[in-house]
Amino acid sequence: MPDPSSVCFLETVPVGELKLWNKYRISNIPSLIFLDATSGKVVCRNGLLVIRDDPEGLEFPWGPKPFREVIAGPLLRNNGQSLESSSLEGSHVGVYFSAHWCPPCRSLTRVLVESYRKIKEAGQKFEIIFVSADRSEDSFKQYFSEMPWLAVPYTDEARRSRLNRLYGIQGIPTLIVLDPQGEVITRQGRVEVLNDEDCRGFPWHPKPVLELSDSNAVQLNEGPCLVLFVDSEDDGESEAAKQLIQPIAEKIIAKYKAKEEEAPLLFFVAGEDDMTDSLRDYTNLPEAAPLLTILDMSARAKYVMDVEEITPAIVEAFVNDFLAEKLKPEPI
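For clarity, every value in this text was computed on a predicted model and none was experimentally measured.

About the criteria used
- Residues numbered from 1 in each chain as written.
- Predicted model: local features only at pLDDT ≥ 70, side-chain atom pairs only at ≥ 80, totals over all residues.
- Heavy atoms only, no water.
- pLDDT = per-residue confidence, 0-100.
- Contact = heavy atoms within 4.5 Å.
- Pairing = 2+ DSSP bridges.
- Helix = DSSP H or I, 4+ residues; strand = E, 2+ residues; numbered from the N terminus.
- Axes fitted to C-alpha atoms, helices over the stretch in contact; angles between N-to-C directions.
- Expected span 1.5 Å × (residues − 1).
- Buried < 20%, exposed > 50% of the residue type's maximum accessible area, 1.4 Å probe, protein only.
- Arc of directions from axis to C-beta.
- 1 Å grid on protein atoms, 1.4 Å probe; cavity = no way out; pocket = protein on both sides within 12 Å on 5 of 7 lines; lining within 4 Å.
- Points joined across faces, edges and corners; volume = space filled by probe spheres on them.
- Nonpolar A, V, L, I, M, F, W, Y, C, P; charged D, E, K, R; others polar.
- Polar contact = N/O pair within 3.5 Å; in protein donor to acceptor, adjacent residues only side chain to side chain.

1. Brief notes about the confidence of the model for the protein chain
Atomic detail in the predicted coordinates should be set aside for any region of low pLDDT. For the protein chain, per-residue confidence averages 88 on the pLDDT scale, and 92% of positions sit at 70 or higher. Scored below 50 in pLDDT, residues 1-13 makes 27 contacts in the model with residues more than four places away or belonging to other chains.

Quick look at the structure:
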């Protein structure tokens, strides 16, 4: 369930500016994003780190570099053994941004250790690289001693910073999963690990439609989300709802992927549980079911389609009208 305190500061932001917050998935301030003025594409999401690391602009225009180039150099095991980054060739890679001082990080690490073991025992070529946000080398060493994978040396602050810049990290814990070519499979490795205890879905290619849960509800804060409430504990009904939404979600995702942009909507189906009840209460939604909504937590806005029957045509029209800014928002 989203924490209301995490979004209330946006109430004073004008509507036009909120569109930019949503477009670039801003969750923390201050944030500085560099764009290509010709194409409008993001060049760098972590402009503040760029300014800190390259105050004279020697690396301008700060465009993204391949993972293999950014990670190049020695990596450590917690026994002191050093390996070259070339040892990652042919492996899926998890880039794990975490710190000992962060309680959610320590909780995730305990789960991730088991996931890592299961994936390796299944014969998968998989490695994790810890990118520390610890406040001292002693804290780094203590935390890293619990991890069976690799780490960027704590003393290599420049490389740790470049990895943060490359993936636009705005908070921890964050687990980015890469394919063997170094391309991002998912930025939601944390959610995937928590939702897939047996790692059956590894390497966790994104699903067009997710079933809303305690572990992935944090994504509601990342931008506008279409949520179809079915209010049923019946897995069959939830699955039918996902199948209804999926073609529309796939079409939207493909359209924006072709433009090398992130989709402007995430898609969820919400069943009946305490977390969903809390979300309904927080957003002041009617008790009707099924209920089709678009929730924009950052804008404190909701869009509601309360009809007796939800059809693919209704969902598609609702989404298209939202993207065309034809819908009138209600306050959350």
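2. Digging into the sheet that holds strand S10 (residues 210-211)
The strand order across the open sheet formed by 6 strands is S10-S12-S11-S13-S14-S15, and the pairing between neighbours is mixed. Each having just a single partner strand, S10 and strand S15 (330-331) make up the two edges of the open sheet. As paired strands, strand S11 (residues 225-229) and strand S13 (residues 291-296) are joined by 5 bridges and run antiparallel to one another. Within the sheet, the bridge partner assigned to Leu-228 lies in S13 and is Leu-292. Each of S11, strand S12 (266-270), S13 and strand S14 (301-305) is contacted by helix H10 (residues 312-323), which is oriented at about 20 degrees to S13, the strand it contacts most.

3. A word on helix H4 (residues 103-121)
Along its 19 residues, H4 runs 28 Å from first to last C-alpha, staying within 8% of the 27 Å computed at 1.5 Å per residue. Residues Cys-105, Leu-108, Thr-109, Leu-112, Ser-115, Tyr-116 and Ile-119 constitute the buried set of H4. Looking at the buried side of H4, the elements it contacts are strand S5 (92-98), strand S6 (126-132), helix H5 (137-144), strand S8 (174-178) and helix H7 (189-195). Residue Gly-123 follows H4 closely and has a positive phi angle near 90 degrees.

4. Concerning the environment of Ser-232
Relative to the helices and strands, Ser-232 resides in the loop between S11 and helix H8 (235-258). The sequence separation of Ser-232 and Asn-221 amounts to 11 residues, and the corresponding C-alpha distance is 24 Å. In this structure Ser-232 touches Glu-237, Ser-238, Gly-271 and Glu-272, once residues within four positions along its chain are discounted.

5. A closer look at the pairing of S12
Taken across its 5 residues, S12 has 4 buried, putting it largely inside the fold. The sheet contact formed by S10 and S12 spans 2 bridges and is parallel. Within S12, the residue paired with Glu-211 across the bridge is Val-269. Looking at chain direction, S11 and S12 are connected through 5 bridges and run parallel. Of the residues in S12, the one forming a bridge with Leu-226 is Phe-267.

6. Considering unusual backbone geometry
The general pattern is negative phi for most residues beyond glycine and trans for most peptide bonds. Look at the link from Ile-172 to Pro-173: it is a cis peptide, with omega at 0 degrees. Inspection of the secondary structure assignment puts Pro-173 in the loop between helix H6 (157-167) and S8. Here the bond from Phe-202 into Pro-203 is cis, since omega is 10 degrees, no more than 30 degrees from zero. Of note, Pro-203 is situated in the loop between H7 and S10. Even without glycine at this site, Trp-204 takes up a positive phi of about 65 degrees. Along the chain, Trp-204 turns up in the loop between H7 and S10. Take Trp-204: its relative accessible area is 3%, and that puts it in the buried class. Located in the positive-phi region is Glu-325, a residue other than glycine, with phi close to 60 degrees. Examined against the element boundaries, Glu-325 turns out to sit in the loop between H10 and S15. By relative accessible area, which is 53% here, Glu-325 ends up exposed.

7. Description of H10
The terminal C-alpha atoms of H10, which comprises 12 residues, lie 16 Å apart, in line with the 16 Å expected from a rise of 1.5 Å per residue. Turning to H10, its buried residues number three or more, namely Val-315, Phe-318, Val-319 and Phe-322. What you see down the axis of H10 is that its buried residues fit within an arc of 95 degrees, all on one side. Downstream of H10 by a residue or two, Glu-325 has a phi angle that is positive, lying close to 60 degrees.

8. Here we look at the layout of surface pockets
Unoccupied space between atoms shows up once a probe the size of one water molecule is rolled over them. The computed volume of the second largest pocket comes to approximately 490 Å³. Together, 22 residues line the second largest pocket, and Asn-46, Leu-49, Asn-164, Ile-169 and Gln-170 are the ones closest to its centre. Those elements that place two or more of their residues in the lining of the second largest pocket are helix H2 (47-53) and H6. Within the lining of the second largest pocket, the residues separate by chemical class into 9 nonpolar, 9 polar and 4 charged.

9. Section: the side chain of Ser-215
Locating Ser-215 in the fold gives a position in the loop between S10 and S11. A polar atom in the side chain of Ser-215 sits 2.3 Å from the side chain of Asn-195. A distance of 3.2 Å separates the side chain of Ser-215 from the side chain of Ser-213, its partner in a polar contact. With residues near it in sequence (within four places) discarded, Ser-215 still touches Val-191, Leu-194 and Asn-195.

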